[in-house]
Amino acid sequence: MKNFYLLLVCVTLIFQSCKSDDCGDCFTPPNSFIFEIVEKTSGENVFTNGTYVPGDIEITDRLNDNERIEFMFISEDNINQIQIGSIGWDTEIVNLKVSISGHEIFNLYVDAERKMGECCSYTEYNAITIIDAEFELDAETGIYKILVD
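Residues numbered from 1 in each chain as written. Predicted model: local features only at pLDDT ≥ 70, side-chain atom pairs only at ≥ 80, totals over all residues. Heavy atoms only, no water.

A. Representation of unusual backbone geometry. Even without being glycine, Asn 80 reaches a positive phi, approximately 55°. Along the chain, Asn 80 turns up in the loop between strand E4 (72-74) and strand E5 (81-84). Of the residues examined, Asn 80 reaches a relative accessible area of 6% and is grouped as buried. In this structure, Asp 132 is a non-glycine residue whose phi angle is positive, near 70°. Relative to the elements of secondary structure, Asp 132 occurs in the loop between strand E8 (121-131) and strand E9 (134-138). (Helix = DSSP H or I, 4+ residues; strand = E, 2+ residues; numbered from the N terminus. Buried < 20%, exposed > 50% of the residue type's maximum accessible area, 1.4 Å probe, protein only.)

B. Up close: the pattern of salt bridges. Within this structure, the stated rule accounts for five salt bridges. Across the pair Glu 134 and Lys 40 runs a salt bridge whose closest N-O atoms are separated by 2.8 Å. Remark: Lys 40 occurs in the loop between strand E1 (33-39) and strand E2 (57-61) and Glu 134 occurs in strand E9; sequence separation between them is 94 residues. With relative accessibility at 36%, the residue Lys 40 sits in the partly exposed group. Measuring nitrogen to oxygen at the nearest pair gives 2.5 Å for the salt bridge that ties Glu 58 to Arg 68. Of this pair, Glu 58 sits in strand E2 while Arg 68 is found in strand E3 (residues 67-68), placing the two residues ten residues apart along the sequence. Here Glu 58 falls in the partly exposed class, since its relative accessible area comes to 28%. Overlapping salt bridges bring together Lys 40, Glu 134 and Asp 149 as one network. (Salt bridge = Lys/Arg side-chain N within 4 Å of Asp/Glu carboxyl O.)

C. Quick peek at the nonpolar core. Ranked by size, the top nonpolar core spans 26 residues in total, and within it Phe 35, Ile 37, Phe 47, Phe 106, Leu 108 and Ile 146 carry the most contacts. For this core, the secondary structure elements donating two or more residues are E1, E2, E5, strand E6 (92-100), strand E7 (103-116) and strand E10 (143-148). Counting residues per element, this core draws most heavily on E7, at five residues. Ignoring any residue separated from it by four or fewer positions in sequence, one finds Leu 108 in contact with Phe 33, Phe 35, Ile 87, Val 94, Asn 95, Leu 96, Ile 128, Thr 129 and Ile 130. (Core = buried A, V, L, I, M, F, W, Y, C linked by side-chain atoms within 4.5 Å. Contact = heavy atoms within 4.5 Å.)

D. Broad picture of the sheet that holds E8. Spatially, E3-E2-E6-E7-E8 is the arrangement adopted by the five strands of the open sheet, whose pairing is antiparallel. Each edge of the open sheet carries a strand with a single partner, namely E3 and E8. Alignment of E6 against E7, held across nine bridges, turns out to be antiparallel. Across the sheet, Val 94 pairs through a bridge with Val 110, a residue of E7. (Pairing = 2+ DSSP bridges.)

E. Local environment of the environment of Leu 63. Mapped onto the elements, Leu 63 comes out in the loop between E2 and E3. What makes Leu 63 exposed here is its relative accessible area of 53%. Along the backbone, Leu 63 and Val 94 are 31 residues apart, and their C-alpha atoms lie at a distance of 6.6 Å. Here Leu 63 is in contact with Ile 93, Val 94 and Asn 95, once residues within four sequence places are set aside.

F. The arrangement of the pairing of E7 in detail. Hairpin remark: E6 followed by E7, antiparallel, with two residues in the connecting loop; positive phi at Ser 101, about 55°. With ten bridges connecting them, E7 and E8 associate as antiparallel partners. Bridge assignment links Ala 112 to a residue of E8, and that residue is Tyr 125. As consecutive antiparallel partners, E7 and E8 are separated by four residues.

If you want it as structure tokens, here you go:
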């Protein structure tokens, strides 16, 4: 009888430890795109030096009837960066035009694919292209520095 109970306990433990969902709840949001606009010659941020004001920023989607795209302007600690967080939540292609005071600064083309891994969903970027502007990407922070004249 002892052997039967021992066998029953072992079998119960084995089946309880084999859950099909060992991952738990998991969701990986897409990375935001962050841009700092700086003068090419001086390296100064164009919002910090007063060349432009944040209220004059306009971002539109060229592939969707120039629909306005929401963005956040990060001014805390005088950082003065533009953050776009709406790209990559779904599989999509976007072609955004970023303008300040009516001047086209650059275009951003992104081909994003939302995928499901073993445990988590995530975004894979098939293409990220900045058009009509020189830029530098800080690989450590992921911030794009857009260089303007």
